[in-house]
Amino acid sequence: MSSLRSFEDKQPHIQTSPSLEFFKGVSQVTGCTLLSITTLAISVLAGGLLGLAISFRDLPRVRKIRNFVPAQTTYIYDIKGRLLASIHGEVNREVVPLNKISPHLKRAVLATEDTYFYEHQGINPMGVARALVVNLEAGKVQEGGSTITMQLVKNLFLSQKRILTRKIAEAVLAVRLEQALSKNEILDLYLNQVYWGDNHYGVQMAARYYFNKSAANLNLAESAMMAGLLPAPEYFSPFVNLDLAKQKQQEVLFRMRELNWISQQDYNQALKEKIQLNKNRSLEGSAAPYITNTVAQELVKKFGRDALLTGGMRVQTTVDAKFQMMAKKTVNSWHQRLTNQGLRNNQIALVAIDPRTHFIKALVGGVDAKTSEFNRVTQARRQPGSSFKPFVYYAAFASGKFTPNTMVQDTPVKYRDGNRWYSPRNYDNSFMGAMPIRTALSLSRNIPAIKLGKAVGLNKVIETSRTLGITSPMQPVTSLPLGAIGVTPLEMASAYATLANYGWQSPSTLIMRVTDSNGNILMDNTPKPNLVLNPWASASVINVMQSVINNGTGKSAAIGRPAAGKTGTTSSERDVWFVGTVPQLTTAIWVGRDDNRRLGYGATGGGTVAPIWRDFMRNALKNVPVENFKRPSEFPRPRPNKK
C-alpha cells in the first residue's frame with residue numbers, strides 16, 4: 001500500500017491517479033469532444049484567470065482570512081467539568097487544529113471531495129472538464145467540479161446560488177486563497193467550516209454528534225461514513241437512513257482503495273465493522289436551566305451577545321451539577337407538599353452560597369424552568385419581612401452602643417410618618433415588655449427592631465444594607481426595619497454570607513472562570529475578599545441568630561449542628577422566608593405566589609419555609625464536617641461613637 005504523506009508535512013504532495021468517475025464520463029463522449037472541452041477549460045482557466053482577477057476587483061480580499069475566526073459554540077460546565085449547556089447562534093461549532101483530526105477522516109474527505117488537493121493551485125482543470133461533460137449530458141448543472149479551496153471560498157465569501165458568475169468568482173478567489181494560505185491551513189479551515197448536518201458545523205461537533213467521540217479518535221469506518229455525508233448531510237444521515245449511509249460509506253472506501261490510500265484488508269475490515277452511533281445525540285438544552293440562563297445573561301453583559309453565540313467560550317461555573325440537582329429535587333418535593341397542604345400556586349426560590357468564597361453552589365429560580373424561565377432568585381424583588389432585621393441589629397452592634405444582652409422595650413409606640421401616625425404591632429398583637437436584644441431577635445419582635453433602628457438611625461440601616469449588597473430603593477421610613485422593601489433571594493443570601501464570614505465579602509458569582517477556545521483567560525473570579533463589616537458586630541449577629549434556631553421562631557430549621565438564621569413573614573402571608581447559615585454554607589429560601597396574592601392563612605417563615613431549609617441543608621451537609629462559628633469575644637468590640 002502506498003502511504004499518504006503527513007498532512008502536517010511542508011511538502012504534502014500526494015501521488016494519485018485520475019478519478020474513476022472521470023473515466024466513466026469520458027467513455028460516454030467522443031475523444032474529440034472531450035479534447036475540445038478539456039482544452040477550452042484549461043485555456044480559460046490558465047490564460048484567462050489573470051484577466052478575470054483584474055475584472056473581479058470588488059471581490060473580498062482573501063488575505064484577511066488570516067484573521068478569520070469561525071463562529072464557535074460556547075460551553076458551560078459545572079465546577080467539576082461536567083457539561084451543563086452549549087450555546088450557539090445559527091452555527092454549532094467547535095474548532096480543532098488539523099493535527100487533532102483523524103488521518104482517516106482527512107484521507108476520506110480528500111478522496112471524495114478533492115483528490116488532487118495537494119497538486120492544484122486552487123482549481124482543477126480535469127475536474128472542471130469532467131463536470132462540463134456531466135452537465136452537458138444532463139442538460140443542467142449536476143456537478144460543480146469545485147475543489148476544496150473553491151468550496152471554502154464559497155462558504156466564506158459567496159452566496160450558494162449556482163450561477164456562472166459565482167463559479168467564476170469561486171475560481172478567482174480560490175487562486176487568491178492558495179497564494180495567501182498553505183494547503184494545510186486551507187484544509188484546516190475547510191474541515192472546521194463545512195456543514196455536517198442537523199446544525200452541526202466542523203468535524204469536532206459532527207464526530208460528537210454522530211459517534212460520541214472527538215474528531216481525533218474516528219476510525220476508518222466512521223471517517224468514511226462521515227465523508228459520505230458531505231454532498232447532502234441531512235439525506236445521507238445514518239440517523240435518517242442507515243442503509244443509505246452505509247452505501248455512501250462503501251463508495252468512499254472504494255475510492256480510497258482505488259487511490260491506494262488504504263489496503264484491501266483495511267477496506268474489508270472497515271466494511272465489516274459495526275458502526276456504533278451516538279445514542280444520546282442531544283447537545284442542546286441545559287441540565288440546569290436557571291444556572292445556565294443566569295450565566296448567559298452575565299456573559300452578555302460582560303462580552304456582548306455575539307461573543308456568547310459565536311465566541312466559543314469555555315465557562316466554568318461555581319456549581320456542582322449533582323448538588324444543583326439535589327437542590328432542584330428539594331424544591332420540587334416541597335412544592336408538591338405545600339400544594340397538598342392547600343398552598344396553591346406556590347413558587348419556591350432557593351439559592352446557596354459558600355460564605356468563604358461567595359461562590360453560588362446552587363440556584364433554583366422556581367418550580368419548573370420549562371413552564372416559566374423567570375428566575376425568582378435573581379429577578380423577583382419581594383418583601384423580606386423579619387429576615388431583614390439582622391441588618392438593623394448589625395448596625396446597632398457596629399455602633400458600639402449595644403450588645404446581644406442590651407435590654408430593649410417591647411411596648412406600644414406611635415411614630416409620625418409624614419401626614420399620618422404609625423403604630424407598629426407584633427405578629428401576635430401582644431407586647432412583652434423589657435427583654436434582651438437576643439430574645440427580641442430570636443422571637444422576632446417587631447417593636448424592639450423599630451426602636452433600635454430609630455436609635456442608630458434609619459439612614460445607618462440603609463448604609464449597612466447597601467454595604468451588604470441590597471440595591472433596592474430604600475427610604476428611612478419607620479417600617480424599614482420590618483423589611484418593607486423589595487429584595488431578591490440572592491441579595492439576602494449574599495448579605496447573610498458576609499455576616500457568616502465575619503464581614504469579609506467577595507462579589508457573589510456563578511462564574512468561576514471563562515476562557516476562549518484556546519484556553520486564554522477572559523474572566524477569573526478567584527475570590528478577592530474585602531473586609532466591609534465590623535467582625536465583632538458580624539459575629540454578634542450570627543451568635544444571636546443561633547438563638548432563633550435553638551429556641552426561637554426558627555426551631556423547625558434545627559439540623560443538629562451550629563446554625564444561625566432568621567424567619568421572615570410579611571403581612572397577609574404574601575412572602576415567607578427562611579435565610580440561614582453554617583460556617584460553610586448560606587442558604588436563602590423564599591416561598592410565595594407570582595401574582596403576589598396571599599399564599600395561605602397561617603403560612604409563616606418558621607412553619608412553612610424553615611422545614612424546607614432544614615431538609616435541604618441536611619442533604620447538602622451530609623459529608624461536610626461540623627464546624628462552630630467564631631465567638632464575638634474573638635474580635636475586638638467597636639468603640640461607641642462620641643456623637
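See above for the structure.
Just so it is clear, the model here is predicted, and its values are computed rather than measured.

**Section: the environment of Thr581**
Along the chain, Thr581 falls in strand 18 (residues 575–582). Its relative accessible area of 0% is what places Thr581 among the buried residues. Residues Thr581 and Lys566, 15 residues apart in the sequence, show an inter-C-alpha distance of 9.5 Å. Sequence-distant contacts of Thr581, defined by excluding residues within four places in its chain, comprise Pro355, Ala500, Ile542, Ala563, Ala564, Thr586, Trp613 and Phe629. At 2.8 Å, the side chain of Thr581 forms a polar contact with the side chain of Thr586.

**Observations regarding the sheet that holds strand 8 (residues 359–364)**
A sheet is described by the order of its strands in space; here five strands give the open sequence 8-7-19-18-17, paired in antiparallel fashion. Both outer strands of the open sheet, strand 8 and strand 17 (564–569), are each paired with one neighbouring strand and no more. On average, adjacent strands in this sheet sit at an angle of 10° to one another, irrespective of strand direction. Where strand 17 lies against strand 18, six bridges are found, and the strand directions are antiparallel. Residue Thr567 lies in a different strand from strand 18, and its bridge partner there is Phe578. Packed onto the sheet, helix 22 (residues 605–620) meets strand 7 (347–354), strand 17, strand 18 and strand 19 (585–592) and runs at close to 35° relative to strand 18.

**Some thoughts on unusual backbone geometry**
Leave glycine aside and you will find that most residues have negative phi; peptide bonds, for their part, are mostly trans. Positive phi, normally seen in glycine, also occurs at Asn260, with a value near 65°. The topology assignment puts Asn260 in the loop between helix 11 (242–258) and helix 12 (264–272). The exposure class assigned to Asn260 is partly exposed, which follows from its relative accessible area of 37%. In the Ramachandran plot, Asn596 falls in the positive-phi region, its phi being about 65° despite a non-glycine side chain. Locating Asn596 in the fold gives a position in the loop between strand 19 and helix 22.

**Side note on the packing of aromatic side chains**
One pass over the full model with this rule turns up 14 aromatic pairs. Here the aromatic rings of Phe388 and Phe391 are separated by 5.2 Å at their centres, their planes lie at 85°, and the arrangement is edge-to-face. Classification of Phe391 by relative accessible area gives buried; the value is 0%. Judged by centre distance (6.1 Å) and plane angle (75°), the ring pair of Phe397 and Trp536 falls under edge-to-face. Of this pair, Phe397 sits in helix 16 (residues 389–398) while Trp536 is found in helix 21 (residues 535–551), placing the two residues 139 residues apart along the sequence. Per residue, the accessibility class of Phe397 equals that of Trp536, and both read buried. Among the aromatic residues, those joined into a ring-pair cluster are Tyr209, Tyr210, Phe211 and Phe239.

**As for the nonpolar core**
Side chains of a nonpolar character, in soluble globular proteins, are inclined to be buried together. Ranked by size, the top nonpolar core spans 76 residues in total, and within it Phe391 and Phe397 carry the most contacts. Setting aside residues up to four positions removed in sequence, Phe397 forms contacts with Phe402, Thr403, Pro404, Ile437, Trp536, Ala537, Ser540, Val541, Val544 and Pro638. If you look at the next biggest cluster of nonpolar residues, it comprises 52 residues, including Ile148, Leu189, Trp196 and Val203.

**Examining the sheet that holds strand 6 (residues 314–317)**
Judged by pairing direction, the sheet is mixed, and its five strands sit side by side in the order 2-1-6-14-15 without closing on themselves. Strands at the two margins of the open sheet, each flanked by one partner only, are strand 2 (83–87) and strand 15 (521–524). If you compare each strand with its neighbour and ignore which way they point, the axes differ by 15° on average. As paired elements, strand 1 (residues 74–77) and strand 2 share four bridges and run antiparallel to each other. Its bridge partner lying in strand 2, Ile76 is registered against Ala85.

**Structural notes on the packing of helix 15 (residues 321–340) against helix 22**
In a packed pair of helices, the relevant descriptors are the angle between the two axes and the axis-to-axis distance. The N-to-C vectors of helix 15 and helix 22 enclose an angle of 150°; their axes lie 10 Å apart at closest approach. For the element pair helix 15 / helix 22, the angle class is roughly antiparallel. Two packed elements cross with a definite hand, and for helix 15 against helix 22 that hand is right-handed. For the pair helix 15 and helix 22, contact is made by Phe323, Met326, Ala327, Thr330, Trp334, Arg337 and Leu338 and by Thr608, Pro611, Ile612, Asp615, Phe616, Asn619 and Ala620, respectively. When the residues that make up the contact of helix 15 with helix 22 are grouped by side-chain class, the tally is nine nonpolar, three polar and two charged.

**Re the side chain of Arg445**
Structurally, the position occupied by Arg445 is in the loop between helix 17 (437–442) and helix 18 (446–456). Residues contacting Arg445, with those up to four places away along its chain left out, are Lys389, Asp410, Asn426, Asp428, Ser430, Phe431, Met432, Met435 and Ala440.

**Overview of the pattern of salt bridges**
On inspection of all chains with the given rule, the structure shows 19 salt bridges. The partner of Arg314 in a salt bridge is Glu94, and the shortest N-O contact between them spans 3.6 Å. Here Arg314, found in strand 6, pairs with Glu94, found in the loop between strand 3 (92–93) and helix 3 (103–113); they are 220 residues apart in sequence, far enough to count as distant. Taking relative accessible area as the criterion, Arg314 reaches 15% and is therefore assigned buried.

**Quick look at the environment of Ala108**
Within the secondary structure layout, Ala108 lies in helix 3. Residue classification places Ala108 among the buried residues on the basis of a relative accessible area of 0%. Ala108 sits 113 residues away from Ala221 along the chain, and the two C-alpha atoms are 9.8 Å apart. Excluding residues within four positions of it along the chain, Ala108 makes contact with Ser223, Ala224, Ala227, Val252 and Met256.

**Focus on the environment of Asn501**
Within the secondary structure, Asn501 is located in the loop between helix 20 (489–500) and strand 13 (504–505). On the accessibility criterion, Asn501 (17% relative accessible area) is buried. Contact partners of Asn501, with chain neighbours within four places excluded, come to Pro355 and Arg356. Reaching out from Asn501, the side chain makes a polar contact with the backbone oxygen of Pro355 at a distance of 3.3 Å.

**Thoughts on the pairing of strand 8**
Across the six residues of strand 8, six count as buried, placing the element largely inside the fold. One ladder, built from five bridges, connects strand 7 with strand 8; its direction is antiparallel. Across the sheet, the residue bridging to Val351 is Leu363, located in strand 8. Once strand 7 ends, the chain turns through four residues before running back antiparallel as strand 8, passing His358 with a positive phi of about 65°.

Rules and cut-offs
- Residues numbered from 1 in each chain as written.
- Predicted model: local features only at pLDDT ≥ 70, side-chain atom pairs only at ≥ 80, totals over all residues.
- Heavy atoms only, no water.
- Helix = DSSP H or I, 4+ residues; strand = E, 2+ residues; numbered from the N terminus.
- Buried < 20%, exposed > 50% of the residue type's maximum accessible area, 1.4 Å probe, protein only.
- Contact = heavy atoms within 4.5 Å.
- Polar contact = N/O pair within 3.5 Å; in protein donor to acceptor, adjacent residues only side chain to side chain.
- Pairing = 2+ DSSP bridges.
- Axes fitted to C-alpha atoms, helices over the stretch in contact; angles between N-to-C directions.
- Phe/Tyr/Trp six-rings, centres within 6.5 Å; stacked < 30°, edge-to-face > 60°.
- Core = buried A, V, L, I, M, F, W, Y, C linked by side-chain atoms within 4.5 Å.
- Parallel < 35°, antiparallel > 145°, perpendicular 65-115°, else oblique.
- Left-handed = near helix turned anticlockwise from the far one by under 90°.
- Nonpolar A, V, L, I, M, F, W, Y, C, P; charged D, E, K, R; others polar.
- Salt bridge = Lys/Arg side-chain N within 4 Å of Asp/Glu carboxyl O.

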